[in-house]
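Examination of the molecular architecture
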Amino acid sequence: MAKAKAKPKVGIFGFTGCAGCQLNILNLEDHIVDLIGLIDITTWVMAKAENSPGPWDIALVEGSIAKKSEIERIKKIRENSKILITIGSCATHGGLPAMRNLRDTSAMKKTVYGDTTDHLDIMDKIMPVSHYVQVDAALPGCPMDKNEFVRAVKALAVGKTPQIPNFAVCYECRIRENACLLKEGKFCMGPVTQAGCDALCPSNGAVCEGCRGPVAQVNWGAEYKILQELGATPEEIKRRFLKYCPSTADMEEFQELVF
Amino acid sequence: MQTYTIRKDEIPKLVEALKEEYEVFGPMPKRTSYVFAPVTDPTKMNLDYDSTIMSPKKYYLPSSQTLMEVSLKNATIEDTVKDILDQKPKILFGVHSCDINGINFLNRVFDGKYDDPYFQAYKEITTVIGLNCLEPCKYGFCRAVNKNFVLDGYDLFLTEISDTHYYVHVGSPRGDRILTIAHEFFKEAKEEDGAAFTAALHKKHENLPVALHIDNIHETLDLAWDDAIWDELGEKCMNCGSCALVCPTCYCFDVQDEVDLSISKAERVRKWDTCLFYDFALVAGNHNFREDPPARLKYRFYHKFRGAIHDQGEIACTGCGRCIDACPAGISIKDVLFRLQEYWAASPTPQGGL
Ligand code: SF4
Ligand code: SF4
Ligand code: SF4
Ligand code: SF4
């Protein structure tokens, strides 16, 4: 057997989001001890008193980029990390915070802060991390899936690229032998959503809301037609498509859709 | 061949009796449908079921299966075949003809063309109690593909001959074993039972529709390579894979190595894969033989109704209709075949007598 290599240095960082993904790492009771045996978490402001300024072998980034100051911060982290992985829908696709992109920010600022809004470091559009820096792998989901996270860390620790499912939630849904909710007339987004959550929602009788973002080579048009035939209005369909992943609005395939 | 009858209302008791020696699986209700599942409560098993979400394929080729375990510490490798053989023997209760034919098809692949010890081990421990369909199910078209009857692949086979009784054929020594351990439930068939069985077959032939004909299907597919239907289907299909996953004859899998968190153990796991997925035909150098999603759906048709004839000697479809039920886009393999055959291979009209 090869000699044990030094454990990879890992930094965990939070940007704009609810911190639920970081919390999910803390909640990995069954695995946390083994994980610590595999990696050396040198930076994690949410959980540690003393934190290294870098560099890191692996950066795990949660949250979307909503402020100008965050752009500088994410660029610095990228420069100081060999591998950068986004965790959660916010970092990967913009997530729920980026729903703001669909509304008028100046009016919102005014409602909340009145006339003096100059001190606010808020950009008009909230973007996923990949908009500003290169991302090596993404673990989407709202929140990210704990098991997928553990699998990814294992892969990284032995120097492999994490395997991210390139197929839709329906795969996992079928394997769990759920009766299809779309067939029951419910607005399920499983066919256009990347698998990896073990079809969590449909397995509990709720439709997939698409929190993990679009599957590779997504066929929006087909899902659009199905939902429309089930009685959804174009406005409703658009809202569903963009809810967790407002950044999809920039996808070429998405812009071909007529709402 | 000796035949028997069994009272329908004795089936739950029979299942209970068999449970001592076997783990029994059968059609159990789930939401709006049925699934093959452990028969925990035999009174819940419904032999009048229409179809199940997944076929019994899962008992021969599980959706995820550890093939071997590697200990990095001790530098040992152990395969799991003997773990399968050590399992309690299984009974699959109430398997329709289409699905027995599905298992027979898998047999051509995993105990014919390829030598798969895992599949063969599952076969070894599994007893099949078949069930004749006298009425059509909602989506099936078994008769159109000659899969509405079975010649082999069952251990016992039940046919409903009245509101109260099934007629029982014995297909193998494994079937005999059931008669031995649960003899009190089986009565030797009398002449009038035989007559009732013949009447049941008549009823079956009246009831099961011939939804389409598949003569020359492989030539049809040769002719239809550029047919506009493939673009039409490509637009609708989301490559979700449901059709292949529920199919009793789709046998593709991926093999992955998974390391334990302690980095001292690893497993080689095989998981169902489908030709509908991007990664399926992705090879070294990032080349993909079927880059376009529509090409992958088309491929599924060509494999089932053309390639399989070369490879396994018959089409890879039992007409079970599950893919039609499962497709969120409403794509029906039956309708597609019907349209192709209508256009490219109109059925010959029988000419005169002999
Ligand atoms: S319920 Fe949703 S995820 Fe499951 S098979 Fe149907 S469409 Fe796919
Ligand atoms: S089923 Fe859909 S909404 Fe639910 S966790 Fe999975 S991807 Fe997210
Ligand atoms: S192709 Fe469809 S109808 Fe044919 S065996 Fe498979 S699931 Fe059944
Ligand atoms: S089930 Fe329907 S939508 Fe899904 S891959 Fe098959 S044909 Fe396409």
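Because the structure is a prediction, the values reported are computed rather than measured. (Residues numbered from 1 in each chain as written. Chains lettered and ligands numbered in written order. Predicted model: local features only at pLDDT ≥ 70, side-chain atom pairs only at ≥ 80, totals over all residues. Heavy atoms only, no water.)

**Details of the overall build of chain A**
- In terms of regular secondary structure, chain A is built from 11 helices and 5 strands.
- Computed over the C-alpha atoms, the radius of gyration of chain A is 19 Å, within 12% of the 18 Å expected from 2.2 N^0.38 for a compact globule of 259 residues.
- Seen along its three principal axes, the alpha-carbon backbone of chain A occupies a region of about 60 × 55 × 30 Å.
- Across the 259 residues in chain A, those meeting the buried criterion constitute 50%.
- For chain A, contacts bridging at least 24 residues in sequence account for 72% of all contacts bridging at least 6. (Helix = DSSP H or I, 4+ residues; strand = E, 2+ residues; numbered from the N terminus. Rg over C-alpha atoms; globule rule 2.2 N^0.38 Å. Buried < 20%, exposed > 50% of the residue type's maximum accessible area, 1.4 Å probe, protein only. Contact = heavy atoms within 4.5 Å.)

**A look at the interface of chain B and chain A**
- Tallying the contact residues gives 39 residues for chain B and 33 residues for chain A.
- Of the roughly 3000 Å² buried at the junction of chain B and chain A (both faces included), carbon and sulfur atoms supply 59%.
- Considering only the side of chain B, the residues that lose the most area to chain A are B:Arg31, B:Met238 and B:Leu261, jointly responsible for 24% of the buried surface there.
- At the boundary of chain B and chain A, one finds 2 salt bridges. (Buried area = accessible area lost by both parts, 1.4 Å probe. Salt bridge = Lys/Arg side-chain N within 4 Å of Asp/Glu carboxyl O.)

**Re helix H3 (residues 97-110) of chain B**
All names here are of chain B.
- Compared with the 20 Å implied by 1.5 Å per residue over 14 residues, the 20 Å span of H3 between its first and last C-alpha is a close match.
- The element H3 is largely enclosed, with a buried count of 12 among its 14 residues.
- Of the positions making up H3, those classed as buried are Ser97, Cys98, Asp99, Ile100, Asn101, Gly102, Ile103, Asn104, Phe105, Leu106, Val109 and Phe110. (Expected span 1.5 Å × (residues − 1).)

**Some words on the sheet that holds strand E11 (residues 253-259) of chain B**
Residue and element names in this part refer to chain B.
- Taking strand neighbours across the sheet as the criterion, the 4 strands line up as E5-E4-E12-E11 in an open arrangement whose pairing is antiparallel. Looking at strand neighbours, the two that pair on one side only are strand E5 (76-79) and E11, the edges of this open sheet. On average, each strand axis in the sheet is tilted by 20 degrees relative to the strand beside it, whichever way the strands run.
- Two elements, strand E4 (residues 64-71) and E5, share 4 bridges in a ladder whose sense is antiparallel. Across the sheet, Val70 pairs through a bridge with Ile77, a residue of E5. (Pairing = 2+ DSSP bridges. Axes fitted to C-alpha atoms, helices over the stretch in contact; angles between N-to-C directions.)

**A short note on the site of ligand 1**
Residues and elements named next belong to chain A.
- In the vicinity of ligand 1, the contacting residues are Val169, Cys170, Cys173, Arg174, Cys180, Leu181, Leu182, Cys188, Gly190, Pro191 and Pro202.
- Of the residues forming the shell around ligand 1, the biggest block, 4 residues, is contributed by helix H7 (residues 169-175).
- Of the residues belonging to the shell around ligand 1, the class tally is 9 nonpolar, 1 polar and 1 charged. (Near = heavy atom within 4 Å. Nonpolar A, V, L, I, M, F, W, Y, C, P; charged D, E, K, R; others polar.)

In short, geometric facts, not functional conclusions.
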